[in-house]
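Structural description and commentary
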Amino acid sequence: MNTPLARILVVEDDADLREAVVDTLTLAGHAVIAAGDGSEALSLITAHDDIALVLSDMRMPRMDGPELLRRVTAIRPALPVLLMTAYGTIEDAVRMLQDGAVDYLVKPFDPATLSEHVERYLRPVRRGGMIAEDPFSQRLVNLALRVAQSDSTVMITGPSGVGKEVLARFVHDNSARAKGPFVAINCAAIPENMLEAMLFGYEKGAFTGALAARAGTFEQAQGGTLLLDEVTEMDLGLQSKLLRVIQEREVERLGGRGPIALDVRLIATSNRDLRAAVRDGRFREDLYFRLNVFPLALPRLADRPGDILPLADALLARHAGDVKKPAPRLSNEARQGLLAHAWPGNVRELNNLMERALILHQGETIEKGDLLFENNALNDPGPVPAEYPQSRDDDAPAGLKAQEQDTILTTLRETGGRRDETAKRLGLSPRTLRYKLAKMRERGIPVPT
């Protein structure tokens, strides 16, 4: 017999069927406990924090399956619930999935079908850098796990610095493509005249400087996942070419002689309001619908406060490990300071803060005074100043960067937020302006949308 993989809770009012399901799962090597209705099941969930899956009937006395699902989602959002029903319809399935069920089984089912479904949702979750302790984050992770089982295109939206790429990697790592490559390309950081070549690849001599053939990121991601980071910063002309690649599931290198078939799962991210970008003509509507098959919205760090302290501890441990030092602990006063902060720069700001605190602290504890916030105010979540220290990827002095940022923001206000007019007044290309605005958002500087 296999070593038990996890504890499963079987909830079924039919004693004979309950015994048969328990026996099947026990023979498969799982630890199993059982309940006769939803009320009994809730008591067991409260008493056993190692339950990894709930397998519940739909129709039961006292408390039925849908009500049990709602209760479980409220108290243990990350706990998967698999429902059994003799009344399976498409409408029921959609409603159960919307309410948080991972899947459903239609009775009667054979032992092989039962085992296949259970194994699917008991596979160890590979979290990587994903920290999800806040109830909202746990629900989001549960949703991401469900979409990871499919091959659907995913659009992840949220402000800069919230961890959109981390969530994208989480989807990849928990999908059937986990052993394939994960390739990410930042559409905002690459000059416009280079992005097409990097996406689609090129043959030798395709353009001046193409001294050798190069596979593009689509080809590099074959059998895996391609992340198009900040896809809404892509030029409209290139958006139309990207749409064709997605529609045809094939790519042709620049200067190439024929298409290359693709086996790639697409994930895209954006820090913009997608519908507003479509409405304003900055993003193609047809591409929006191609990419927005399964939307995941990752909110600001301030809107998921349960993640703040776990993230701080994890980031401290990572930075301490990088310098081969034991991780210090945060004092109670420091923890309260973290919770009181507004986090305009989201997780990226928290990461920078923990790195600074590791440098400033003395002894084994990080105190409140070691927390050098970027707005230099623990309890004042006021506007983030334009003056930021020189970052590692900026060669210009901090004073010049601040002056440039002030000029851009002032011009944006004068033009009513019109990007093309702003770029024209500043003598910049629209692409360069988009890149500079993206960098400002990364630093936590509020930029008009």
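Here is a short report on the structure shown in this document. The shown structure was predicted, so the numbers you read here are calculated from the model rather than taken from an experiment. (Residues numbered from 1 in each chain as written. Predicted model: local features only at pLDDT ≥ 70, side-chain atom pairs only at ≥ 80, totals over all residues. Heavy atoms only, no water.)

Moving on, we come to helix 17 (residues 419–426). Two residues of an α-helix separated by three or four positions point the same way, owing to the 3.6 residues in each turn. When helix 17 is considered as a whole, its buried residues turn out to be R419, T422 and A423. Looking down the long axis of helix 17, one finds its buried residues gathered within 100 degrees of arc, a one-sided arrangement. In helix 17, those exposed residues whose orientation departs by more than 90 degrees from the buried face are D420 and K424. (Buried < 20%, exposed > 50% of the residue type's maximum accessible area, 1.4 Å probe, protein only. Helix = DSSP H or I, 4+ residues; strand = E, 2+ residues; numbered from the N terminus. Arc of directions from axis to C-beta.)

Another point: empty space enclosed by the protein. Counting across every chain of the model gives two cavities of 30 Å³ or more. Roughly 30 Å³ of volume is contained in the second largest cavity. Around the second largest cavity sit L69, V72, T73, R76, P77, L79, V81, G100 and N142, which together line it. With three residues, the top contributor of residues to the lining of the second largest cavity is helix 3 (residues 65–75). Within the lining of the second largest cavity, the residues separate by chemical class into five nonpolar, three polar and one charged. (1 Å grid on protein atoms, 1.4 Å probe; cavity = no way out; pocket = protein on both sides within 12 Å on 5 of 7 lines; lining within 4 Å. Points joined across faces, edges and corners; volume = space filled by probe spheres on them. Nonpolar A, V, L, I, M, F, W, Y, C, P; charged D, E, K, R; others polar.)

As a further point, take the side chain of N351. Relative to the elements of secondary structure, N351 occurs in helix 15 (residues 346–360). Sequence-distant contacts of N351, defined by excluding residues within four places in its chain, comprise L315, R318 and H319. (Contact = heavy atoms within 4.5 Å.)

We now examine the nonpolar core. By size, the foremost hydrophobic cluster in this structure holds 31 residues, and its most contacted members are L199, F218, L226, L228, V231 and L291. Those elements giving two or more residues to this core turn out to be strand 7 (182–186), helix 8 (192–200), strand 10 (225–229), helix 10 (236–248), strand 13 (265–270), helix 11 (274–279) and helix 12 (285–291). The element best represented in this core is helix 10, accounting for five residues. Filtering out sequence-adjacent residues up to four positions away, L228 remains in contact with I185, C187, L199, L242, L266, I267, A268 and T269. (Core = buried A, V, L, I, M, F, W, Y, C linked by side-chain atoms within 4.5 Å.)

Here the focus is the packing of helix 8 against helix 10. For the pair helix 8 and helix 10, interaxial distance at closest approach is 11 Å and the crossing angle is 10 degrees. Classified by the angle their axes make, helix 8 and helix 10 are roughly parallel. Counted together, L195, E196, L199 and F200 of helix 8 and L238, K241, L242 and V245 of helix 10 form the full contact between these two elements. Here the residues of the contact of helix 8 with helix 10 sort into six nonpolar, no polar and two charged. (Axes fitted to C-alpha atoms, helices over the stretch in contact; angles between N-to-C directions. Parallel < 35°, antiparallel > 145°, perpendicular 65-115°, else oblique.)

Okay, the packing of aromatic side chains next. This model, assessed by the stated rule, comprises four aromatic pairs. With a centroid separation of 4.9 Å and 65 degrees between ring planes, the pair formed by Y202 and F207 is classed as edge-to-face. The class of Y202 is buried, set by a relative accessible area of 15%. Between W343 and F373, the ring centres sit 5.7 Å apart and the planes meet at 50 degrees, which makes this aromatic pair tilted. A residue pair is termed long-range when its members are at least 10 positions apart, and W343 in the loop between helix 14 (332–340) and helix 15 and F373 in the loop between strand 16 (365–366) and helix 16 (398–414) qualify at 30 residues. For W343, a relative accessible area of 1% translates into the label buried. (Phe/Tyr/Trp six-rings, centres within 6.5 Å; stacked < 30°, edge-to-face > 60°.)

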